[in-house]
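# A structural walkthrough
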Amino acid sequence: MKKKRGRKPKNQVELDDNSNDTNDIKKIAAKAKKDKVHYVSAAEFEAAIRIFYSTGKLTTYLGESVSKIANGLSYAPNFLNYSYRDEMVGDAIVKMMTALKHKKFTLDSGYSPFSYFTTIAFHAFINRIKKEKKHHETLQEYKEKMYTDKMIEGMESTGNRIYVDPDNGHDD
């Protein structure tokens, strides 16, 4: 696919090399849509990333955008009903900020930074779900083992059968 030269996307914010960061952020924030709580404009997000990559200073807009991406994704139907949704959002924010710090996103790649960071958040959510599932399974195994051991111990001390585990193989 050929890229058209000389044209900018309609909503891209143009930044001056000699303007200060505060004015750039105000330009970006002024153009941001305020009607949607978790809305992040891809062009404005990319402009904020450019500022971060060039100056190394994390702006409020960039931090809020990362947070909005993570929180917005947490309301997707496949993540909505988890009780540990806050941990999922926290993990996603940490992963996205790490990617920003290490400049993992290539600005000249032609891809949307919004989709890149949403993918990072998605994978962070999936990893948290896997961790929580493993933790839950470990607790269940421990409870089953302790329950079985207590039942056998009770049976041996009283002589009465309280519980018989068909898989345990104890026959009296």
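An account of the accompanying structure is given in this report. (Residues numbered from 1 in each chain as written. Predicted model: local features only at pLDDT ≥ 70, side-chain atom pairs only at ≥ 80, totals over all residues. Heavy atoms only, no water.)

## Structural notes on the overall build of the chain
Let me state the cut-off plainly: Numbering goes from the N terminus for both helices and strands, where a helix is a DSSP run of H or I of at least four residues and a strand is a run of E of at least two. Only protein chains enter the accessibility calculation, which uses a 1.4 Å probe; a residue is then buried when its area is under 20% of its type maximum, exposed when over 50%, and partly exposed in between. In this description, contact between two residues means that some pair of their heavy atoms is separated by no more than 4.5 Å. The method behind every accessible area is Shrake-Rupley, applied with a 1.4 Å probe, and residues are considered shielded solely by the protein chains displayed.
Within the chain one finds five helices and zero strands. By the burial criterion, 30% of the 172 residues in the chain qualify as buried. Considering only contacts in the chain between residues 6 or more positions apart, those separated by 24 or more positions represent 58%. Summed over its atoms, the accessible surface of the chain is roughly 12,300 Å², and 52% of this surface lies on carbon and sulfur atoms.

## A word on the environment of Met88
Here Met88 lies in helix H4 (residues 85-101). Expressed as a C-alpha distance, the spacing of Met88 and Phe125, which sit 37 residues apart in the sequence, is 5.1 Å. Other than its neighbours up to four places away in sequence, Met88 contacts Phe79, Tyr82, Phe125, Arg128 and Ile129.

## Quick word on the nonpolar core
Just so we agree on the cut-off: By nonpolar core we mean a set of buried residues, namely Ala, Val, Leu, Ile, Met, Phe, Trp, Tyr and Cys, connected to one another through side-chain atoms within 4.5 Å.
One finds Phe45, Ile49, Met96, Leu100 and Phe117 to be the most contacted residues of the largest nonpolar core, which totals 29 residues. Every element with two or more residues in this core is listed here: helix H2 (42-55), helix H3 (60-74), H4 and helix H5 (113-158).

## What to know about the packing of aromatic side chains
Rules: For this analysis, a ring pair means two rings from Phe, Tyr or Trp (six-membered ring only for Trp) whose centres lie within 6.5 Å, classed as stacked if their planes differ by under 30 degrees, edge-to-face if by over 60, and tilted for the remaining angles. In this scheme, Lys NZ or Arg CZ marks a charge over a ring once it lies within 6 Å of the ring centre and within 35 degrees of the ring normal.
Applying the stated rule across the entire model yields eight aromatic pairs. A centroid spacing of 5.3 Å and a plane angle of 40° characterise the contact between Tyr82 and Tyr84, whose relative ring orientation is tilted. For Tyr84, a relative accessible area of 15% gives the class buried. With a centroid separation of 5.2 Å and an interplanar angle of 85°, the aromatic rings of Tyr116 and Phe117 are classed as edge-to-face. Here Tyr116 falls in the partly exposed class, since its relative accessible area comes to 30%. Members of the aromatic cluster, connected to one another through ring pairs, are Phe45, Phe105, Tyr116 and Phe117. Of note, Arg85 hangs over the ring of Tyr75, and the distance from its end group to the ring centre comes to 4.4 Å.

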